[in-house]
Amino acid sequence: MGTETKSNSYTGQISTSGGNPKVMKDSLSLVRQTVNQQSQSNQNQYQNDNDNDNHLNSNSNSYSNATKNQPETNNSNSEKNSTSLTKESKKIIVPFVPIFVEEADVIQGAKELLKVIRPNWDLAHVEFKSFTDGITNKLVGCFHKPATKLKKDDENDVDTDDKQQEPYVPPIKVEEPPVQEDEQEEEFTANGETDGLPLQYSDNVVLVRVYGNKTDLLIDRKAETQNFLLLHTYGLAPSLYATFKNGLVYEYVPGTTLNTESVLCPEIWPLVARRMAEMHRKVRKNVGDIIGGGATAAVATSADTNVDATKPLPMIWTKTQSFLDLVPERFSDAEKHKRVNGTFLPIGRLREEFNSLYKYLVALDSPIVFSHNDLLLGNVVYTKSMKTVNFIDYEYADYNFQAFDIGNHFAEMCGVDEVDYTRYPKREFQLQWLRVYLEEYLQRTNIQSAEVDWLYVQVNQFALASHIFWTVWSLLQAEHSTIDFDYVGYAFLRYNEYLARKEEFLSLTAAASQKNNK
């Protein structure tokens with residue numbers, strides 16, 4: 001889902017296949033100029049704004065089981081820092097390259113993009129790596145191997161056929177000026193990273209992502225770009241180098257994506273929990289955005305226009321309704337229509353099911369936070385050498401219920417290629433995960449069992465909403481996607497799991513959870 005790099009570990013086949021993307025060549029010189037301006041502008045920006053970009057300081061003393069499970073924020077510092085970050089994201093210049101890259105010939109399209117955004121690269125020294133195709137978009141890595149490195153390799157290589165099977169990945173380097181942090185801030189800095197400033201891994205590697213067919217029906221690409229830049233200003237996303245007609249060019253994050261085994265490793269899952277909590281705690285799209293209990297989001301279900309504009313609406317409501325509106329009552333493929341008819345059509349029945357569930361979930365009063373909303377295992381990159389994780393692909397990032405983001409991640413632990421819902425995390429594991437999350441989110445260590453138990457209830461009940469959301473998404477993909485994936489089969493997998501878990505999860509209560517703890 002999302003970018004759907006479902007098996008997007010950084011391994012693949014080096015290729016030099018050719019073809020001709022659609023290019024407006026008369027515009028490319030202007031784009032090159034913009035790229036140069038971007039580099040200079042961003043460099044000056046970090047010099048000028050560094051003193052003002054203090055990271056957000058949250059200081060929470062309570063986590064109410066009913067309505068107050070969000071960190072208390074120092075309003076003056078929060079607004080000041082949010083203003084600084086918002087202005088910073090607006091100042092970043094991201095060049096647009098007027099190229100359309102054909103899905104069938106992504107590598108040749110990547111070459112044309114590199115001529116514009118990396119004009120100093122010798123394409124003879126660039127190795128292209130097609131990552132395992134996702135189920136929405138396509139991804140290729142471009143690895144620039146400098147001439148000095150090539151020469152050194154030639155001198156050292158005895159048998160070149162046995163060497164150079166993997167592309168050279170340059171050493172990690174940080175180009176931003178050093179950040180001074182006090183001891184208290186460093187104590188809560190996830191994974192020891194430089195908090196609040198973007199990190200750059202290497203200028204010699206870029207990723208090119210090509211959008212899937214008709215995915216603009218599912219995703220607001222302008223919002224995705226804005227989210228990319230926003231999260232980058234918080235140090236939560238890599239650099240965005242350029243956009244083109246049907247995709248993005250961005251920074252390579254070294255590491256491997258998680259799988260159903262590694263996501264449970266004790267050295268990895270706490271990193272994921274803290275990273276998600278960091279995003280939920282810090283990120284604000286706009287100055288003045290107020291986050292709080294989910295009960296305020298109930299207005300989204302009515303036609304009432306008297307809504308406080310500063311209170312963001314949850315993505316799970318707005319996006320699901322939008323998707324439901326787009327699902328056809330008759331699929332263009334007769335065989336697909338036969339498979340979905342009766343269970344999913346007419347679509348009004350699925351809409352009623354979701355609306356009923358949503359009304360129940362709103363009453364749980366889960367906080368509205370800025371969420372990733374698509375943390376399948378392929379969207380979490382683990383860098384072992386740095387002991388860090390990074391989230392990638394922000395197509396669905398937006399304000400949403402805190403418990404949805406966590407519950408969705410738990411559901412994705414069961415896999416995508418080979419879904420096995422017996423892998424859904426057991427209660428004991430969830431409680432450990434949620435405790436680590438709350439320590440980072442609330443910025444304190446004295447987390448009470450009652451707090452963990454209540455979040456456990458919310459998370460599992462919101463996991464039901466995740467199943468319905470991706471069911472509707474799959475139906476849309478089944479109608480429009482050209483990627484070889486059984487979207488109808490996946491829709492049935494998600495919906496059947498929803499039905500199988502519905503009674504169990506909706507019967508959960510904090511009191512029962514605490515009783516099971518004893």
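As shown above, the structure is provided for reference.
Structure report, in brief.

Rules of the game
- Residues numbered from 1 in each chain as written.
- Predicted model: local features only at pLDDT ≥ 70, side-chain atom pairs only at ≥ 80, totals over all residues.
- Heavy atoms only, no water.
- Salt bridge = Lys/Arg side-chain N within 4 Å of Asp/Glu carboxyl O.
- Helix = DSSP H or I, 4+ residues; strand = E, 2+ residues; numbered from the N terminus.
- Buried < 20%, exposed > 50% of the residue type's maximum accessible area, 1.4 Å probe, protein only.
- Expected span 1.5 Å × (residues − 1).
- Pairing = 2+ DSSP bridges.
- Core = buried A, V, L, I, M, F, W, Y, C linked by side-chain atoms within 4.5 Å.

1. Examining the pattern of salt bridges
Applying the stated rule across the entire model yields 17 salt bridges. Taking the shortest distance from any N to any O, the salt bridge between Arg209 and Asp393 comes out at 3.8 Å. Within this pair, whereas Arg209 is found in strand E7 (residues 205-210), its partner Asp393 is found in the loop between strand E13 (388-391) and strand E14 (398-401), the two being separated by 184 residues in sequence. Accessibility expressed as a relative area gives 0% for Arg209, which makes it buried. The exposure class assigned to Asp393 is buried, which follows from its relative accessible area of 4%. Linking Glu412 and Arg494 is a salt bridge whose minimum nitrogen-to-oxygen distance equals 3.4 Å. Of the two residues, Glu412 sits in helix H11 (residues 402-412) while Arg494 sits in helix H14 (residues 487-506), which places them 82 residues apart along the sequence. Neither residue differs from the other here; Glu412 and Arg494 are each classed as buried.

2. Brief notes about helix H8 (residues 315-326)
In an α-helix, one full turn covers 3.6 residues, which means residues spaced three or four apart are oriented alike. Across its 12 residues, H8 extends 16 Å between first and last C-alpha, which sits within 8% of the 16 Å expected from 1.5 Å per residue. Here H8 has its buried residues at Met315, Ile316, Trp317, Lys319, Thr320, Gln321, Phe323 and Leu324.

3. A word on the pairing of strand E8 (residues 240-244)
Extensive coverage of E8 is indicated by the burial of five of its five residues. Pairing between strand E3 (residues 96-97) and E8: two bridges, direction parallel. Bridging across to E8, Phe96 finds its partner in Thr243.

4. Some thoughts on the nonpolar core
Tyr396, Ile406, Trp433, Leu434, Tyr437 and Leu475 are the most contacted members of the largest nonpolar core, which has 112 residues in total. The biggest single contributor to this core is helix H13 (residues 449-480), with 18 residues. Ranked by size, the runner-up nonpolar core spans 22 residues in total, among them Trp121, Val140, Val208 and Val210.

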